[in-house]
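Given next are the chains, with one letter for each unit.
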Amino acid sequence: MKDNIVIVGGGIAGMEAARQLLLLGYKPILVEKSDHLGGHVADWHCLFPDMTPAQQVVKDLTEQIKDANIFLETEVSFINKMKMGYNVMFSNGVNVICKAILLATGFDLFDASKKEEYGYGIYDQVMTNKDLEHWFNTGDDKRITGKDIKKIGFVHCVGSRDVKAGNQQCSKVCCITAIKQAMEMKERFPDAEVYCFYMDLRLFGKKYEDFYIKAQMESGVHFIRGRVSEVSENLQGQVIVKTEDTLSGKPAKITLDLLVLMAGIVCNREAVQTASMVQVPIDSDGFLKSRDNILNIIETDSKGVFLAGTATGAKTIPETAAEARAVALAIHNYLVSQQ
Amino acid sequence: MIDRFASGFDPFVIPFLIGMIFVLGYCIIGAIRLILQLDAEDKKKFFLSLITPKTIWKNIKDLFLNCLIHVKLWKRNKLLGYMHSSIAFGWFMLILLGHIECFVYMPHRVKLFYYPIFFNYFVAENEYTLRGAIFFFLMDFFLLVVLSGIVLAIIKRVRSRLFGMRRTTRPTLLDRVGLYSLWMIFPLRLLAESFTAHISGGSFLTIPMNMMFKAFLGDQMNMLPTWWAYSICLCIFMCVLPFTRYMHIPAEMLLIPFRNAGLTIKHARRGFAKAQVYSCPNCGVCIDACPMSIKKANIKDTTVYLNRNIRRRNEQRIEEISDKCLLCGKCTAVCQVGVDGPQMRIAQRSIRNYGLDQDYSGMDISAIKESVASEPSKDKVLYFAGCMTQLTPAISRAMESIFRKAGVDYAFMDKDGGLCCGRPILMAGRFDQARQLIHKNKEVIKASGAGTLVLSCPICYKIFREHYKLEGIRVMHHTEYMLELVRAGRLKLDGGAGSIVYHDPCELGRGCGIYEQPREVLRQTGELVEAEANRDMAICCGGSLGSLTLGFDKREDLTRNALHNLTVNDPDTIVTACPLCKSTFARYADKPVEDIAETVDKHTK
């Protein structure tokens with residue numbers, strides 16, 4: 001029987017770390033507050049750049065970690081530091097003594113209603129990226145189902161790179177997500193005009209640029225550079241977007257049937273509490289603080305406490321998975337060094 | 001009482017005379033200059049006010065209550081109030097009684113300028129009368145009052161917190177000279193009068209001291225030197241007065257009649273503005289009041305430093321201080337002399353040279369005009385949301401819903417785009433541009449034929465109320481209008497909103513004096529609780545458009561401080577009546593923040 005390892009969070013980072021730790025011969029304990037594994041990815045439909053079904057990714061990972069101790073609908077109640085490790089109490093009453101804790105607590109989607117000027121929760125035809133994925137998965141959303149959708153807009157950077165929204169960080173994945181969703185919508189509504197309102201397009205990842213070119217050349221998505229200033233609603237229930245086309249230098253007003261807000265990534269609020277139990281502070285960007293941000297991004301100043309995934313900032317799924325593998329190795333090395 | 005000296009003169013009065021003539025000359029010339037600096041309209045207003053019985057009475061009352069009794073200070077802190085009124089009122093009574101004494105006993109000496117001041121030196125008491133005893137008693141009594149004030153003033157220098165002041169300004173070198181000479185005047189007067197008390201007579205203070213000195217010193221060699229010292233101290237104080245904070249004493253005597261005449265600041269540095277600058281006593285009450293001074297930041301950007309730098313003609317600092325201010329007006333609310341911090345700053349901004357002058361006079365408003373145009377009707381309401389409400393659409397939605405519920409015939413002036421009300425650009429000191437916008441909006445309002453204009457933004461409301469001059473059209477903030485609907489029974493509230501704290505927006509509260517209307521509406525909507533500082537003492541949310549330079553990152557502390565003030569009574573909901581306050585608070589609040597229109601709309605039966 002090897003040492004206990006507690007993984008907080010059953011998203012991609014937690015699952016991949018658990019998978020690697022199982023391969024290394026450990027039997028990690030994974031706690032997840034919701035009733036299913038997979039985190040935010042489980043709510044998604046298809047993943048860029050190859051349109052891999054998100055469910056498939058989650059299913060594969062779940063399959064491979066079935067030997068781990070997994071507690072669903074369970075949270076960390078408190079953590080006590082002990083001489084040789086930590087005593088972790090879960091909300092289901094289980095008490096564990098472990099040597100290493102991995103905080104794979106992920107992110108919260110920015111609450112789009114906080115940007116009141118975009119009218120989420122006020123106007124009928126405004127939704128978020130997550131709502132749209134939900135519709136892709138279920139086909140059930142009164143904003144789209146049965147509606148005659150002729151014009152669709154995507155607003156980039158909602159709650160990202162926005163000091164007034166309290167988050168100055170780039171959420172990294174929304175540019176490509178918006179392009180992906182724009183193309184998917186174009187497929188479903190071939191006659192519709194699709195607009196993306198962006199301030200920059202940050203297409204850094206594998207095949208992202210191809211996606212962008214394809215969106216313009218094949219799908220005919222219109223890209224308008226300029227931040228949306230305000231959104232209003234007309235008597236027909238359509239939304240009117242006011243923006244500036246900064247490339248032509250003209251103000252623009254576009255009436256749309258559907259507006260999708262690309263809500264950004266902010267630090268998981270509950271994770272902040274859990275992290276404080278093991279003295280992991282918050283960095284100036286609002287995410288959990290690593291030992292340093294070059295080589296030790298998965299380690300903390302608290303002994304035996306590790307980080308992986310979006311707990312330390314916005315990341316793509318491949319980045320998260322890579323970090324999870326790295327953290328598994330780091331935990332292994334740590335435990336070996338402790339013997 | 002008889003004259004001790006046939007000449008009625010002694011050389012020691014010369015320093016006093018020099019000081020007195022200097023300060024009087026300076027103040028009279030200064031006052032004439034300030035009056036001449038007023039424009040023709042203001043001059044007329046001012047001179048008319050001097051012969052209107054109502055304003056004459058108000059001037060006398062205000063001069064007495066503010067300059068002598070310092071009622072505003074009493075309201076702030078009893079010790080601080082006593083300190084100031086004991087010195088000011090006590091000194092005033094000493095001068096007044098001295099003159100009455102002179103009139104009663106030495107009428108032939110009244111023409112001598114200095115005689116009443118040094119009365120006790122020049123007279124000898126030849127008979128004891130009740131009248132004399134009363135005079136002497138009063139003189140000693142008021143001297144004691146002043147001395148008690150001086151003692152407090154000295155204590156205040158060391159422990160200003162006892163007087164309810166956390167932070168204050170550092171006195172300049174000349175201020176210190178003035179201060180110390182002021183402190184010295186009264187103890188020296190006591191000494192001088194005590195040394196002469198066996199000749200001139202005295203009362204409970206001076207007679208025993210005279211006896212004590214005689215017992216200890218045995219001779220009267222100290223008499224003349226102390227009178228000299230007393231006179232020199234008076235001279236020093238009066239000679240430095242125009243260059244110190246004590247200039248506020250004469251300046252306020254001009255500021256009060258100016259203000260009562262209804263003058264406004266027309267020029268950044270002349271006339272009324274200058275009277276305000278010189279009336280600033282540099283007390284620094286505005287430092288603690290300023291919302292920007294939280295966490296010891298921006299202390300040197302408060303109104304007292306604006307006045308200081310205007311006096312020093314430090315243009316760079318004037319510009320920085322004027323531009324940074326949020327124009328919340330709290331400094332004015334706490335100011336003892338009523339220096340109008342926001343207006344002073346707007347005036348400074350207005351004399352700036354900008355590289356570019358926008359012109360809005362050519363803007364096409366025909367589409368907006370068309371969308372609201374209708375036959376004139378008293379009952380028709382025109383609703384103007386303004387830019388800030390456009391960014392908080394929940395408010396305009398709630399307003400429309402309220403209009404529908406109450407069966408109001410309304411038009412939405414800027415439903416599909418509109419012009420700015422002009423207030424932000426007015427705040428930036430660009431009056432011509434503001435006028436152009438006002439002119440354009442007026443055309444739209446006139447075309448609508450509405451009898452009432454309703455605004456949900458206090459920033460708009462203030463300019464519509466003060467600068468639009470919409471004859472025959474009622475300009476109402478939505479809090480006022482909702483109250484009217486509730487009172488008329490057109491809107492029925494269910495009272496189920498739980499506990500609510502109401503935040504007074506600066507532009508609505510201190511800016512327009514509307515405090516009670518929203519509270520009356522909210523009392524029927526839920527259980528109204530109050531913030532720690534409220535009404536005219538409310539704390540700016542930090543989102544104000546007034547500041548041209550205060551960075552967004554610097555504002556978070558302000559907002560959090562204001563939120564802390566609002567939530568001391570742990571309300572369920574924070575309600576305000578300004579879209580800008582709403583969005584600013586919502587950013588950091590851990591409780592729901594609503595506009596009063598949303599609260600009312602949700603809780604209408």
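Residues numbered from 1 in each chain as written. Chains lettered and ligands numbered in written order. Predicted model: local features only at pLDDT ≥ 70, side-chain atom pairs only at ≥ 80, totals over all residues. Heavy atoms only, no water.

Here we come to the domain arrangement of chain A. All names here are of chain A. Domain annotation of chain A identifies domain 1 (5-106 + 268-338) and domain 2 (112-265). The distance between the C-alpha centroids of domain 1 and domain 2 comes to 31 Å. With 16 residues of domain 1 in contact, the opposing surface of domain 2 contributes 23 residues. Between domain 1 and domain 2, roughly 1,700 Å² of surface is buried when both sides are summed, and carbon and sulfur atoms account for 64% of that area. In terms of surface lost to domain 2, no three residues of domain 1 exceed W44, H45 and F48, which account for 37% of the buried area on that side. On the surface where domain 1 and domain 2 come into contact, there are three salt bridges. Residue E319 pairs with K172 through a salt bridge whose shortest N-O separation is 3.1 Å. At the boundary of domain 1 with domain 2, the tally comes to seven residue pairs in polar contact (both at pLDDT 80 or more). Partitioned by chemical class, the residues of the side of domain 1 that touches domain 2 number eight nonpolar, three polar and five charged. (Domains from an automatic or database assignment. Contact = heavy atoms within 4.5 Å. Buried area = accessible area lost by both parts, 1.4 Å probe. Salt bridge = Lys/Arg side-chain N within 4 Å of Asp/Glu carboxyl O. Polar contact = N/O pair within 3.5 Å; in protein donor to acceptor, adjacent residues only side chain to side chain. Nonpolar A, V, L, I, M, F, W, Y, C, P; charged D, E, K, R; others polar.)

Right, let's get into the packing of aromatic side chains. All names here are of chain B. Inspection of every chain in the model, using the stated rule, returns 49 aromatic pairs over all chains. Summarising the aromatic geometry, the rings of F22 and F243 are spaced 6.3 Å apart at their centres and angled 35° between planes, so their arrangement reads as tilted. Residue F22 is located in helix α1 (residues 13-37), and its partner F243 is located in the loop between α10 (223-240) and α11 (248-260); the two are separated by 221 residues in the primary sequence. F22 sits in the partly exposed class, given a relative accessible area of 31%. A connected cluster of aromatic rings, assembled from ring pairs, spans F5, F9, F12, F16, Y114, Y115, F118, F119, Y121, F122, W227 and Y230. One Lys or Arg, R4, reaches over the ring of Y121 and ends 5.1 Å from the middle of that ring. Sitting over the face of the ring of Y354, R430 holds its NZ or CZ atom 3.9 Å from the ring centroid. (Phe/Tyr/Trp six-rings, centres within 6.5 Å; stacked < 30°, edge-to-face > 60°. Helix = DSSP H or I, 4+ residues; strand = E, 2+ residues; numbered from the N terminus. Buried < 20%, exposed > 50% of the residue type's maximum accessible area, 1.4 Å probe, protein only. Lys NZ or Arg CZ within 6 Å of the ring centre and 35° of its normal.)

All names here are of chain B. Partitioning chain B into structural domains gives domain 1 (7-37 + 70-243), domain 2 (366-486) and domain 3 (493-602). A C-alpha centroid distance of 22 Å is found between domain 2 and domain 3. Listed as interface residues are 29 residues of domain 2 and, on the opposing side, 27 residues of domain 3. The interface formed by domain 2 and domain 3 contains two salt bridges. Close ionic contact of D601 with K405 constitutes a salt bridge, the shortest N to O distance being 2.6 Å. The tally of links from domain 2 across to domain 3 stands at seven residue pairs in polar contact (both at pLDDT 80 or more). Elements that contribute at least two residues to the side of domain 2 that touches domain 3 include exactly α19 (386-390), α20 (393-405), α21 (423-427), α23 (458-467) and α24 (478-487). Per element, the largest residue contribution to the side of domain 2 that touches domain 3 is seven residues, and it comes from α20. Its residues assigned to classes, the side of domain 2 that touches domain 3 shows 16 nonpolar, seven polar and six charged.

What follows deals with the interface of chain B and chain A. Tallying the contact residues gives 13 residues for chain B and twelve residues for chain A. The junction of chain B with chain A conceals about 1,200 Å² of combined surface from both sides, 49% of it contributed by carbon and sulfur atoms. Applying the counting criterion to the chain B and chain A interface returns three salt bridges. A salt bridge links E233(A) to R397(B), with the shortest nitrogen-to-oxygen separation between them at 2.1 Å.

Take helix α15 (residues 315-324) of chain B next. Along α15(B), the residues classified as buried are I318(B), I321(B), S322(B) and D323(B). As for α15(B), its buried residues are in contact with α14 (303-312) and α17 (341-350) of chain B.

Turning our attention to a nonpolar patch on the surface. Residue and element names in this part refer to chain B. Residues F22, Y26, L173, L174, V177, I232, I236 and F243 make up a contiguous nonpolar surface patch of about 670 Å² in total accessible area. No other element matches the three residues that helix α8 (residues 173-200) contributes to the nonpolar patch. Tracing the sequence through the fold places L173 in helix α8. (Patch = residues over 30% accessible without salt bridge, like charges linked within 9 Å, V, L, I, M, F, W, Y side chains within 5 Å. Areas by Shrake-Rupley, 256 points an atom, 1.4 Å probe, with all protein chains shown as cover.)

Residue and element names in this part refer to chain B. In terms of nonpolar packing, the biggest core is built from 81 residues, with I445, L453 and F464 touching the most fellow members. Looking at which domains feed residues into this core, each of domain 2 (366-486) and domain 3 (493-602) supplies at least three. With sequence-adjacent residues up to four places away left out, F464 is seen in contact with F384, C421, I445, L453, L455, K469, L470 and V475. Membership of the second largest hydrophobic core comes to 65 residues, among which are Y105, F163, F213 and M238. (Core = buried A, V, L, I, M, F, W, Y, C linked by side-chain atoms within 4.5 Å.)

A few words on the pattern of salt bridges. Residue and element names in this part refer to chain B. On inspection of all chains with the given rule, the structure shows 57 salt bridges over all chains. For K324, the salt bridge goes to D301, with nearest N and O atoms at 3.0 Å. Taken together, the positions of K324 in helix α15 and D301 in the loop between α13 (285-289) and α14 put the pair 23 residues apart, joining distant regions of the chain. Note on D301: relative accessible area 7%, which makes it buried.

Turning our attention to the sheet that holds strand β7 (residues 86-90) of chain A. Residues and elements named next belong to chain A. One open sheet accounts for three strands, arranged β6-β7-β8; its pairing is antiparallel. Taken across any chain shown, the strands that pair with only one partner, and hence form the sheet edges, are β6 (76-81) and β8 (95-98). With strand direction ignored, the average angle separating the axes of adjacent strands in the sheet is 20°. Inspection of the sheet shows β6 paired to β7 by five bridges, in the antiparallel sense. By the bridge assignment, V76 is partnered in β7 with F90. (Pairing = 2+ DSSP bridges. Axes fitted to C-alpha atoms, helices over the stretch in contact; angles between N-to-C directions.)

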